[in-house]
Amino acid sequence: MERSANDKSSNRHLPLVSAEESETSSQRPGSMRPVDVSHRTFSEGEFWRKIPGFEAIDEATFLDHRWQVKNSITKVAGLKAVLGERLSDDVIEDIAEAFREVPMALRVSPYLLALMNWDDPKGDPIRRQFIPLASRSLPDHPKLSFDSLREQADAPLPGLTHRYPDKVLLLALDTCPVYCRFCTRSYAVGPDQDAVAKVSLKATTSRWEAALNYIARHPQVEDVVISGGDAWNLRADQIDTLGQRLLDIEHVRRFRFASKGLAILPQKILTDNAWFDNLARLNERARRQGVDMMLHTHFNHPVEATWITQQAMLRLHQAGIHVRNQTVLQRGVNDDAPTLTRLNRRLGYLNIHPYYVYVHDMVRGTETLRTSIKTACELEIATRGSTAGFNTPTFVVDAPGGGGKRCVHSFDHYDDQSGISVYRAPAVKANEAFLYFDPIDTLPKAFQKRWQHPEQRDAMVAAAKRRIRRL
Ligand code: SF4
């Protein structure tokens, strides 16, 4: 099937009867479908005790953010030490082999480890996001490039990307409390790996000063994202310094700390009082000044929210700190409508605003996690309407090459046989086309073969570019 921007037919989630027909049968006005409220049920009690290495850990210890950080697993042998007989030797070898090839290091918190289903490690959607298996890996797409979003090319200073006119992205540090396979910043985040030497973006005063001075000198900048790495790893005094300095700049109207922390180490909100108090004080000052401060977080699956998340969110909400969520669409994790619907409803229930669902970026070692544009379009259609519009995330492609976020449906051209989609971003970079490529193993066999030959690849790409309506 080949589709242009004006031809979006053939979708398996489209209704099979017209709206009129539907209304005369089962969907009469006022009739109610059974409502699934499973999103309100959170894992309870001391769920971590099922992990052999955490059997003796009491609640106070498990809620201590320092204990979580100190006991995070960073070596494959550490997984075996904590999981014991629950992790077979063949799975351990599979994991060890995978980590020799991928750009992201192993780091998982005890909390995250306890959310994984170790009775079915190969099928578990949480394991899949953080711990690769060599037996499940696929070759990278031939069009993949490291730093596929070209953040460094759009950075006037190291770690400061200025792409949209009124917004900058400040990469304040290059470490995280866990390392995710899908990380778009695998070019810089975390330690070097066997397969990859990384760009250094350490949390240094000189780099921050240069970035803050740049923001102060550019009055068009109203919006600042502080990311990394992960703001959860900033010390209490560092988060205060960055926030206060931004609040001193009159033209900064919005800033947001980006952190996966709530999904993988919510204990910090409950027990790191110095950090939380500084965040809350910043929020109070921001509100007094009429500035919008936010926390952006990163839940990908409903299992990632527990009773501990509920408590952490209550504390944030009571302090008036608003939270938005950005989900990464991943094969075998959340690429089905029931999971995404439950995730969005659960986030809404927690007062976390579902903001974006990202099509998985083209990141090394993640071909097995990426989905096609067609899947993303179908899921957007299938999930819209399952909750209120303001709690419905926008499905976007972060356009490879630096076009910024584009609505997934807004392609100029898409051919789901070759897997090539073309987007334009005239307000970001006029006269440029941005191409995304579906994972090759999802394409028809004939097109998988064409991707094996460089000349045929080039011909498919050239043909896709010719279909752009105007440049
Ligand atoms: S927490 Fe964010 S920055 Fe860190 S590895 Fe995960 S996706 Fe990348």
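Calculation notes
- Residues numbered from 1 in each chain as written.
- Predicted model: local features only at pLDDT ≥ 70, side-chain atom pairs only at ≥ 80, totals over all residues.
- Heavy atoms only, no water.
- Patch = residues over 30% accessible without salt bridge, like charges linked within 9 Å, V, L, I, M, F, W, Y side chains within 5 Å.
- Areas by Shrake-Rupley, 256 points an atom, 1.4 Å probe, with all protein chains shown as cover.
- Salt bridge = Lys/Arg side-chain N within 4 Å of Asp/Glu carboxyl O.
- Lys, Arg positive; Asp, Glu negative; His and termini not counted.
- Charge placed at Lys NZ, Arg CZ, Asp CG, Glu CD.
- Helix = DSSP H or I, 4+ residues; strand = E, 2+ residues; numbered from the N terminus.
- Domains from an automatic or database assignment.
- Buried area = accessible area lost by both parts, 1.4 Å probe.
- Polar contact = N/O pair within 3.5 Å; in protein donor to acceptor, adjacent residues only side chain to side chain.
- Nonpolar A, V, L, I, M, F, W, Y, C, P; charged D, E, K, R; others polar.
- Phe/Tyr/Trp six-rings, centres within 6.5 Å; stacked < 30°, edge-to-face > 60°.
- Lys NZ or Arg CZ within 6 Å of the ring centre and 35° of its normal.

### What to know about a negative patch on the surface
Here is step 1 of the chain: Together, Asp90, Glu93, Glu97, Glu101 and Asp194 line one region of the surface with negative charge.
Here is step 2 of the chain: As for its position among the elements, Asp194 is in the loop between β3 (167-171) and α8 (205-217).

### Remarks on the domain arrangement of the chain
One widely used convention gives an interface's size as the accessible area the parts lose upon coming together.
Here is step 1 of the chain: Entries for the chain in the domain assignment read domain 1 (47-136) and domain 2 (160-369 + 378-406).
Here is step 2 of the chain: Once you take the C-alpha centre of each, domain 1 and domain 2 turn out to be 24 Å apart.
Here is step 3 of the chain: In total, about 3,100 Å² of surface goes out of reach between domain 1 and domain 2, with carbon and sulfur atoms giving 63% of it.
Here is step 4 of the chain: Linking domain 1 with domain 2 are 18 residue pairs in polar contact (both at pLDDT 80 or more), by the criterion used here.
Here is step 5 of the chain: At the level of elements, α2 (59-62), α3 (65-70), α6 (110-115) and α7 (125-130) are the ones that each hand at least two residues to the side of domain 1 that touches domain 2.
Here is step 6 of the chain: Residue classes in the side of domain 1 that touches domain 2 are distributed as 19 nonpolar, five polar and eight charged.

### Here we look at the packing of aromatic side chains
Here is step 1 of the chain: Taken as a whole, this structure holds 15 aromatic pairs when the rule is applied.
Here is step 2 of the chain: Here the aromatic rings of Phe47 and Trp48 are separated by 5.4 Å at their centres, their planes lie at 75 degrees, and the arrangement is edge-to-face.
Here is step 3 of the chain: Considering the side-chain rings of Phe62 and Tyr111, the 6.5 Å spacing of their centres and the 45 degrees angle between planes classify their relative orientation as tilted. In this pair, Phe62 sits in helix α2 while Tyr111 sits in helix α6, placing the two residues 49 residues apart along the sequence.
Here is step 4 of the chain: Here the aromatic residues Phe47, Trp48, Phe54, Phe62, Trp67 and Tyr111 are joined through ring pairs into a cluster of three or more.
Here is step 5 of the chain: The ring of Phe276 is capped by Arg315, whose NZ or CZ atom sits 4.0 Å from the centre of that ring.
Here is step 6 of the chain: The residue whose ring lies beneath Arg364 is Phe146, and the NZ or CZ to ring-centre distance is 5.3 Å.

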